[in-house]
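Residue-level structure breakdown
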Protein chains: 2
Amino acid sequence: MDYETPQFFRVIQYAARADRDVVDMVSGSPDWDPPDALREGLHAYADADPDEFQYPPSVGLKELREEIAQRRGVDRSRVVVTNGTGEANHLAMAGGLEAMSGDEILLADPVYPYYAGRVNFLGADLAFAPVAEDGHLDPDTVRERASEDTAVIVVNSPNNPMGVTYDAETMAELVAVAEEHDALLVSDEVYDHFDYSGRFASALSVDSDHYVATNAVSKSMAITGWRVGYAVFPDPDGPHGDLLDTARTRHMLTNVTGSRPAQAAVLHALRNTGPEYYEGVRSLLEARIDTFTDALDAAGAAYTDPEGAFYVMARFPDFPGTFENVERLIDEGGVAGMPGEAFGEARADWIRFSLTTDRVETAAQRLVDFFA
Amino acid sequence: MDYETPQFFRVIQYAARADRDVVDMVSGSPDWDPPDALREGLHAYADADPDEFQYPPSVGLKELREEIAQRRGVDRSRVVVTNGTGEANHLAMAGGLEAMSGDEILLADPVYPYYAGRVNFLGADLAFAPVAEDGHLDPDTVRERASEDTAVIVVNSPNNPMGVTYDAETMAELVAVAEEHDALLVSDEVYDHFDYSGRFASALSVDSDHYVATNAVSKSMAITGWRVGYAVFPDPDGPHGDLLDTARTRHMLTNVTGSRPAQAAVLHALRNTGPEYYEGVRSLLEARIDTFTDALDAAGAAYTDPEGAFYVMARFPDFPGTFENVERLIDEGGVAGMPGEAFGEARADWIRFSLTTDRVETAAQRLVDFFA
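Remember, it's a predicted structure, so these values are computed and weren't measured experimentally.

The next point concerns the overall build of chain A. Helix and strand counts for chain A come out as 12 helices and 13 strands. Against the globule reference of 21 Å for 372 residues, chain A gives a C-alpha radius of gyration of 20 Å, in line with a compact fold. In terms of its C-alpha atoms, chain A occupies a principal-axis envelope of roughly 60 × 55 × 35 Å. A buried classification covers 65% of the 372 residues belonging to chain A. Partitioning the contacts of chain A with sequence separation of at least 6, the portion at a separation of at least 24 is 75%. A total accessible area of about 13000 Å² is found for chain A, and carbon and sulfur atoms account for 42% of it. Of the charged side chains in chain A, 28 are positive and 65 negative, and the gap between their average positions amounts to 5 Å.

Written as structure tokens, this is what we have:
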């Protein structure tokens, strides 16, 4: 598969050209409001002194790193502020591939396509561990697929595209697998605020030098275009302290530093946004999940129980999730989802629906009409 | 030299710890105001609809690319908006190294240290062409130093650290050298608004598929921390059209996209800032240049005639530009500059002074007192 060109645009463009009204459930961009404090923070920054418009430290504003470090319970020295989770994953994957023995990066199947594209771009070998029947990644499957050639293992919880959340035991086992193979686990936790199961556990809950935890406020504050993310690297004084050094150098020589208006506003928003904002968004999404899964039941579809993130993976009877069928569902059903085959082989028959639209009810009704 | 860790911080920190008042002429961060329209643009964006907070196109906001393309007289397809000139140079250098034959990247000496750091990070061989007596880069020297092993040549005009501007003939010849060796010229033009000679010429004035022009508004709008830059690649339908493709992929898999608040505000500022803003800043800097070079004359220093950017390279009698002497000048003279040796060998005896402070007069008087 050509992971270098993620296929989202292909489907979005097809839907936009359709001869009828279509509910877009393709993109992962939130449609809800950011915290009020984020807008306030950007207004305040727009009036700042000119010296606040100059280079922040390469690793990010000190106060922002401190705020992140305190929230995640780690030392500030381990935190590098990045241009979104995208760059955080890039730094972790590229650095892990260099530092660890082996030439292979192991991903879950189905996979967020950017991971696979990055593996190809880095010139690494690509390996996959298929998820279990329930949509979860079984650490034993990862253990079987991993080998001495495995340098990096990338996981994502709450998971895109499966919509499941990995618990503490799973995360501990995934870190253990990385340790067994002297590999680096990259744990992308960008959906950590979107856990409906109550079972989310960060890799940071595990005491180990074999992982990098990556994250961003892109989803949690509904600002995917602002590009404020971070990576938490192993203890700089530990056995894999070189990972942090290399990441800092790569970050400096690639980007110099991240964009300061976004960093300043996010710092203000982190400090001035209470839990009710995140709870409100979760409630909104839980209502959408209920509406949508009721429709899937009525349509006779199988689906993975949504526990996290904001995606539902569903399989319709005699309607595999090919690009062709997805285009048919757009034209004849008026609903656009992502073909399972865009995420790999393990769920090629499924279709991923993103709950990032206020028209979930319309989509639900249309699916019932089309399939039932 | 350890180009991976640019030495600016070492000097800035030394100056900050000094037991006396010190005029900081080390950093290249403007101390003047951005255009008013930039602040207006950021305020307007802070009130935008949530969908404007989501991912812009990976290559940058369409209107911003259009505005840039129109100003530079190129087709929009050739423009990639980047995270500052830093990323633009990274994309151009990494892509040129892959696409062109040879393993070497050729730089001017003295050099902006990030270029050299990036060459080492990319694993390329490093070669230098020393500047001429007058501080200009003689294309014939570049021609002599280049070989079939040269994949990329990086130049910068107006130049940091020399403070000179290359004219149209020089740029045409530099492009010709790149063509002769089947190399890629990377022309960093981030100081293009700071030309006092009237002779600045962009690489874009040359018709060739052998260069990438890089730029940003970091200096021209006094916002080094906002990270809005761009690269103009060769015609995608020409013999080196693959450079654009590779850069788009590298950009997407490294950063996904640039930060949208900064892009939106810069777009507004580009549309609503007249030439008087840029003229005003140039006048301010010309006055500082006069004040400072008068003092250098009085101090018996040699210096390169400032034609562009905002740096003055000076050599004091019996006072070579070592770190040791720079620290002595901080402690005993109360002025902090950058040691010439931080930029390479060709001007190791010189000291670079950045005119990014409103205390140039104080610094000038102190230099006279110290040296005269």
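Before going further, it helps to spend a moment on the pattern of salt bridges. On inspection of all chains with the given rule, the structure shows 30 salt bridges over all chains. The partner of Arg76 of chain A in a salt bridge is Glu66 of chain A, and the shortest N-O contact between them spans 2.4 Å. Note that Arg76 of chain A is positioned in the loop between helix 3 (62-72) and strand 2 (79-82) and Glu66 of chain A in helix 3, a separation of 10 residues in sequence. Given the relative accessible area of 38%, Glu66 of chain A is considered partly exposed. For the salt bridge of Arg250 of chain B with Glu98 of chain B, the shortest nitrogen-to-oxygen distance reads 2.6 Å. Of this pair, Arg250 of chain B sits in helix 8 (residues 242-255) while Glu98 of chain B sits in helix 4 (residues 84-99), placing them 152 residues apart in sequence. When its relative accessible area of 52% is taken as the criterion, Glu98 of chain B is described as exposed. Connected via shared salt-bridge partners are Asp140, Arg143, Glu173 and Glu180 of chain A.

Our focus in this paragraph is helix 4 of chain B. Over its 16 residues, helix 4 of chain B extends 23 Å from the first C-alpha to the last, a length consistent with the 22 Å expected when each residue adds 1.5 Å. Across the 16 residues of helix 4 of chain B, 14 count as buried, placing the element largely inside the fold.

What follows is about the relation of the copies chain A and chain B. The pair of chain copies shares a relation made of a rotation about an axis and a shift along it. Expressed as a screw operation, the relation of chain A to chain B combines 0.0 Å of axial shift with a rotation of 180 degrees, fitting to an RMSD of 0.0 Å. Here the copies are linked by what is in effect a two-fold axis. The position closest to the rotation axis in chain A is occupied by the C-alpha of His43 of chain A, lying 2.7 Å away. Same-surface contact between copies: 100% of interface residues of chain A are shared with the interface of chain B.

For the rest of this paragraph, the subject is the environment of Met338 of chain B. Residue and element names in this part refer to chain B. Among the secondary structure elements, Met338 is positioned in strand 12 (residues 338-339). Along the backbone, Met338 and Met25 are 313 residues apart, and their C-alpha atoms lie at a distance of 7.7 Å. Non-local contacts of Met338, meaning those with residues more than four positions away in its chain, are made with Gln7, Phe8, Val11, Val26, Val326, Phe343, Trp350, Ile351 and Arg352.

The next thing to look at is the pairing of strand 8 (residues 229-232) of chain A. All names here are of chain A. Burial along strand 8 is two-sided: Gly229 and Ala231 and Tyr230 and Val232, pointing in opposite directions, are all buried. Here strand 2 runs beside strand 8; their pairing, made up of 4 bridges, is antiparallel. Bridge pairing links Val81 to Tyr230 in strand 8. Pairing geometry for strand 7 (residues 211-216) and strand 8, over 4 bridges, is antiparallel. Of the residues in strand 8, the one forming a bridge with Thr214 is Ala231.

Next up on the list: unusual backbone geometry. Residue Pro161 of chain A is bonded to the preceding Asn160 of chain A through a cis peptide linkage, with omega at 15 degrees. With respect to the helices and strands, Pro161 of chain A occurs in the loop between strand 5 (150-156) and helix 7 (168-180). Here the bond from Ser157 of chain B into Pro158 of chain B is cis, since omega is -15 degrees, no more than 30 degrees from zero. Relative to the helices and strands, Pro158 of chain B resides in the loop between strand 5 (150-156) and helix 7 (168-180). Not every positive phi belongs to a glycine, and Arg227 of chain A is a case in point at roughly 65 degrees. Structurally, Arg227 of chain A can be placed in the loop between strand 7 and strand 8.

Rules used in this analysis
- Residues numbered from 1 in each chain as written.
- Chains lettered and ligands numbered in written order.
- Predicted model: local features only at pLDDT ≥ 70, side-chain atom pairs only at ≥ 80, totals over all residues.
- Heavy atoms only, no water.
- Helix = DSSP H or I, 4+ residues; strand = E, 2+ residues; numbered from the N terminus.
- Rg over C-alpha atoms; globule rule 2.2 N^0.38 Å.
- Buried < 20%, exposed > 50% of the residue type's maximum accessible area, 1.4 Å probe, protein only.
- Contact = heavy atoms within 4.5 Å.
- Areas by Shrake-Rupley, 256 points an atom, 1.4 Å probe, with all protein chains shown as cover.
- Lys, Arg positive; Asp, Glu negative; His and termini not counted.
- Charge placed at Lys NZ, Arg CZ, Asp CG, Glu CD.
- Salt bridge = Lys/Arg side-chain N within 4 Å of Asp/Glu carboxyl O.
- Expected span 1.5 Å × (residues − 1).
- Least-squares fit on C-alpha atoms with pLDDT ≥ 70 in both.
- Pairing = 2+ DSSP bridges.

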